[in-house]
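These are the residues of each chain, in order.
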Amino acid sequence: MSSIIQLLPDHVANQIAAGEVVQRPASVVKELLENAVDAKATDIKLIIKDAGKSLVQVIDNGVGMTVTDARLCFARHATSKIRQAEDLFSLGTKGFRGEALASIAAIAHMEMKTKQEQDELGTHIVIEGSKFVSQEVAVLPKGTSFAVKNLFYNIPARRNFLKSDTVEFRHVMDEFQRVALAHPNIHFSFYHNGSEMYNLPAAGYRQRIVGIMSGKTNEKLVPVNEETDIISIQGFVCKPEFAKKNRGEQFFFVNDRFIKSGYLHHAVMSAYDGLLKDGSQPSYFLYLQVPPNTIDINIHPTKTEIKFDDESALYAILRASIKHSLGQFNVAPVLDFDRDSNLDTPYHYKDMEAETPTIQVDGTFNPFTDDKTNQHYSKTSSGSGYSSGSSYSSGSSSSSSSGSSYSGSSYSGSSYSGYSKRVEPTASWESLYVGLDTENPETIESSPFTFENEEVTSSLFNDNEIEQATQKTYQIHKKYIVSPIKSGMVIVDQHRAHQRILYEQFLLNMTVNQAASQQLLFPLDLFYSSSEMKLIEELKPSLETTGFVFDESKTDHIVVSGIPVNITESEVSLVIEQLLSDLQDGIPANSYSQNDTIAKSMAKSLAVKTGSYLTEKEQDNLVNGLFACKDPNISPFQKPTFITMRVEDIDKKFAV
C-alpha cells in the first residue's frame with residue numbers, strides 16, 4: 001500500500017493558520033498594532049476603509065527592519081520575539097508565535113514599507129496571497145508601514161460571513177481601544193474613511209481612559225493601587241451609581257496585555273457585593289503586573305487567555321484592594337453611625353511623620369490684676385481679658401448697700417459674652433401681652449374658627465346607586481395575576497404580559513401612528529463613548545418615531561428634550577443603555593427588523609418587573625390590555641404569557 005501522508009504546501013498551511021489568527025478585520029488590526037508596539041514605536045497611526053474590509057493600514061515610527069528581515073518576516077513561524085522554548089515563560093513582547101504576518105499575507109493583498117534609522121534607503125515589498133509580487137528599494141521615513149487590502153479576496157466564503165460595516169467597525173474599535181489603553185505612553189491616532197476617530201497623545205492612565213471613553217468618565221473613576229510580592233495592581237474602578245447594563249467597559253491588562261478572565265471578573269463583582277442593582281455591571285480598568293514566569297500565555301492564538309500559577313491568591317488580593325478603594329473614597333456605605341468622618345485619617349498619611357503643633361502664649365496676661373472702677377474689659381487678639389456690652393459702674397460715690405447698684409438695675413442693653421461682639425437690645429417679653437386684659441381672661445374675645453373634620457368629596461351618584469364590585473383579579477407572589485373565567489381561571493405572568501402590551505404599542509407608533517412626546521422642562525445630557533455615539537446616530541430616526549426628541553448631538557453626548565409619554569425621565573438612560581446592549585451585534589439592515597428590535601428592547605426595559613406590587617385597577621388593566629393585543633399568547637421573546645386551568649383540571653387534583 002502506498003504512503004498517503006504528505007506535507008502541505010506553504011500557501012495551504014498559511015490559509016489554515018489564517019482561520020485561527022484572522023477571523024475578521026479586527027484581528028488584522030490587533031496583530032499589526034501589537035507588532036508596532038513591539039517595534040518600540042512612540043507614534044502609531046491606524047487607517048481603515050469600509051470597516052477594514054478594503055484597507056487596514058498601520059504606520060509606526062519603530063526600529064524598522066533590514067532587507068533580509070523584511071523578506072523573512074512573512075515566512076511561517078519566523079519571529080524576532082523568542083529564540084528557544086524557555087523564552088515562552090519570560091515573555092516581554094506581544095507576539096511570539098510568528099504566524100500573524102504569514103497568515104494575513106495568505107488571504108489578502110499586502111504591502112510593506114520599512115526602513116531603519118541608520119539606513120539611507122528602505123524596502124518596499126508587495127505580496128498577494130503568499131506570493132511575492134515585487135521587492136524594491138525606496139526612499140522612506142524611519143519605521144514600518146503595513147497596508148492590508150481586500151481581506152479574504154481568495155476565500156469568498158469567509159468574506160461572505162463578515163457582518164455589516166457597523167458591526168465590523170465596532171470590533172475594530174474594540175481592538176484599538178484595548179491596545180491604546182494598555183500603552184498610554186504611546187501616541188495613537190485612528191482614521192476611518194478619511195475622518196479622524198481618535199487622536200490620543202501620550203499621557204497617564206487616567207488621561208488615556210478619559211480620552212477614549214468620554215470626558216464625563218473622569219468623575220466616575222475611583223483609583224485602585226496595591227503593591228504585594230505576588231502582584232502589583234493599578235488602575236481604576238467606577239462608582240456603583242454609574243454601573244451599566246452591558247460589559248463593554250471592563251478591561252483587565254496583565255503585563256500590558258489585554259486578557260479575558262471570568263475568574264478575576266468574579267473577584268471584582270464580589271467586591272461590589274451589595275452596591276449594584278440586579279443586572280448591572282461595573283466598569284473597571286485594572287492593570288496587573290506579575291512575574292512573567294508565573295503565567296502561561298501560550299494557550300490560544302489570540303493570546304487573550306492566561307493561566308496563573310496561584311489564582312486563589314490573586315483573587316483575594318484583587319477583591320480586597322477594590323473593596324478597600326471603594327471604602328477609602330466613601331463609595332461603600334459605613335455601618336458605624338457614631339463615626340465622625342472629620343476624624344478619618346487619609347490613607348496617604350500613613351507614611352507621614354507627626355509634626356509638633358505651634359503654640360503662641362501672651363506673657364503679659366495676668367488674670368489676678370486688680371481692676372479699677374469704670375474699667376472696660378475687652379478681649380484682645382492675644383486672648384487676655386474679657387468683654388461686655390457695657391461698663392460695670394456704681395450708682396453713687398458711696399459704697400453703701402442702699403446707694404450702689406448696677407447701672408440700669410441690670411445689665412441693661414448688654415449681654416455678657418466672652419467675645420468682642422455687642423448684642424443689640426431686644427424688647428421685653430411683657431410687650432407681647434400689652435393691651436390684653438389680664439385681670440379677666442374671659443373678656444378676651446376669640447375669633448371663630450371652623451375645622452374640617454372630614455374630607456369632603458363630591459360624587460356624581462348617590463351612595464345607594466353605587467354597587468360594590470367584587471374583585472376579579474388577584475396577584476400571587478407579586479409575579480402572577482389570577483383572573484377567573486367561565487371555564488376556570490387564567491394565570492398571567494405580569495412581566496411577560498406587559499412586555500407584549502408595550503411591544504405592540506411601540507411597534508404601532510413606529511409603523512402606523514405618530515407617537516406622542518412630552519417635552520422636558522430641563523433637557524437631559526447623556527454621555528456615551530465614541531462607538532456608542534455612532535450607534536445612537538444610526539438609531540435616531542427610529543427613536544424619534546417612538547417619541548424621543550433630540551436637540552443636538554456632540555462627540556461624547558446627546559441632548560434629549562422630549563421623551564415618549566409612557567417613559568419617565570429617570571428611565572431614559574436605562575432604555576437607551578438596554579438598547580445599545582441589545583444592538584451591540586449590529587443594527588438590522590431591514591427597516592422592519594430594526595423597528596422590531598427597538599420595540600423589543602424598549603418593552604424589555606419598561607415592562608413591570610417581577611416582584612412589583614400591582615393595585616386591583618392595574619391588574620385589571622394589565623389583563624384587559626393583554627387580551628386586546630393581536631397575539632396575546634406569547635411575549636415578544638416567544639415565551640408564553642398566560643396559562644389556563646379548567647375546572648375539570650382542578651377537580652382532578654381533588655379526586656381520590
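Residues numbered from 1 in each chain as written. Predicted model: local features only at pLDDT ≥ 70, side-chain atom pairs only at ≥ 80, totals over all residues. Heavy atoms only, no water.

### Let's talk about the overall build of the protein chain
Stage number 1. Broken down by element type, the protein chain carries 15 helices and 24 strands.
Stage number 2. Per-residue burial over the protein chain gives 39% buried out of 656 residues.
Stage number 3. Long-range pairs, those at least 24 residues apart, make up 66% of the contacts in the protein chain with a sequence separation of at least 6. (Helix = DSSP H or I, 4+ residues; strand = E, 2+ residues; numbered from the N terminus. Buried < 20%, exposed > 50% of the residue type's maximum accessible area, 1.4 Å probe, protein only. Contact = heavy atoms within 4.5 Å.)

### Let's talk about the packing of helix 2 (residues 25-38) against helix 6 (residues 165-182)
Stage number 1. Running from N to C, helix 2 and helix 6 point in directions that differ by 20°, and their axes come no closer than 8 Å. With respect to helix 6, the element helix 2 is oriented roughly parallel. Handedness of the crossing formed by helix 2 with helix 6: right-handed. Contact residues: helix 2 offers P25, A26, V29, K30, L33 and V37, while helix 6 offers E168, H171, V172, E175, F176 and V179.
Stage number 2. Broken down by class, the residue content of the contact of helix 2 with helix 6 amounts to eight nonpolar, one polar and three charged. (Axes fitted to C-alpha atoms, helices over the stretch in contact; angles between N-to-C directions. Parallel < 35°, antiparallel > 145°, perpendicular 65-115°, else oblique. Left-handed = near helix turned anticlockwise from the far one by under 90°. Nonpolar A, V, L, I, M, F, W, Y, C, P; charged D, E, K, R; others polar.)

### Comments concerning the sheet that holds strand 19 (residues 480-485)
Stage number 1. Ordered by their spatial adjacency, four strands build an open sheet running 18-19-20-24, and the pairing between neighbours is antiparallel. Edge strands, defined here as strands with exactly one partner in the open sheet, are strand 18 (474-476) and strand 24 (642-646). The mean inter-strand angle of the sheet, taken between neighbouring strand axes irrespective of direction, is 25°.
Stage number 2. Strand direction decides the pairing type here: strand 19 and strand 20 (residues 488-493), joined by six bridges, are antiparallel. Looking at the pairing, P484 lines up with M489 of strand 20.
Stage number 3. Seen against the sheet, helix 10 (residues 494-511) touches strand 18, strand 19 and strand 20 and runs at an angle of roughly 75° to strand 20.
Stage number 4. Contacting strand 18, strand 19, strand 20 and strand 24, helix 14 (residues 616-627) runs over the sheet at an angle of about 70° to strand 19. (Pairing = 2+ DSSP bridges.)

### Points about the packing of helix 8 (residues 262-271) against helix 9 (residues 311-328)
Stage number 1. Contact pair helix 8 / helix 9: the axes reach a minimum separation of 8 Å and the direction vectors enclose 30°. The handedness of the crossing between helix 8 and helix 9 is right-handed. Of the residues in helix 9, those touching helix 8 at Y263, L264, H266, A267, V268, S270 and A271 are E311, S312, L314, Y315, L318, R319, I322, K323 and L326.
Stage number 2. Split by residue class, the contact of helix 8 with helix 9 holds 10 nonpolar, three polar and three charged.

### What to know about the side chain of R500
Stage number 1. Relative to the assigned elements, R500 resides in helix 10.
Stage number 2. For R500, a relative accessible area of 6% puts it in the buried group.
Stage number 3. The residues contacting R500, other than those within four sequence positions of it, are L626, C629, D631, P632, I634, S635 and P636.

### What to know about the environment of I598
Stage number 1. Within the secondary structure layout, I598 lies in helix 13 (residues 591-606).
Stage number 2. Judged by its relative accessible area of 0%, I598 is buried.
Stage number 3. The sequence separation of I598 and F506 amounts to 92 residues, and the corresponding C-alpha distance is 8.6 Å.

### Regarding the packing of aromatic side chains
Stage number 1. Across all of its chains, the model carries 17 aromatic pairs by this definition.
Stage number 2. Each ring, one from F74 and one from F146, has its centre 6.4 Å from the other, and the planes form 75°; the classification is edge-to-face. Of this pair, F74 sits in the loop between helix 3 (67-72) and helix 4 (100-106) while F146 sits in strand 6 (residues 143-149), and the two are 72 residues apart along the sequence. Considered together, F74 and F146 belong to a single accessibility category, that of buried residues.
Stage number 3. Consider the rings of F253 and F258, whose centres lie 6.0 Å apart with planes at 65°: the pair is edge-to-face.
Stage number 4. What makes F253 buried here is its relative accessible area of 0%.
Stage number 5. Given the relative accessible area of 12%, F258 is considered buried.
Stage number 6. The structure contains a cluster of three or more aromatic residues connected by ring pairs, namely Y205, F251, F253, F258, F285 and Y287.
Stage number 7. Its end group placed over the ring of F132, R71 keeps NZ or CZ at 3.8 Å from the ring centre. (Phe/Tyr/Trp six-rings, centres within 6.5 Å; stacked < 30°, edge-to-face > 60°. Lys NZ or Arg CZ within 6 Å of the ring centre and 35° of its normal.)

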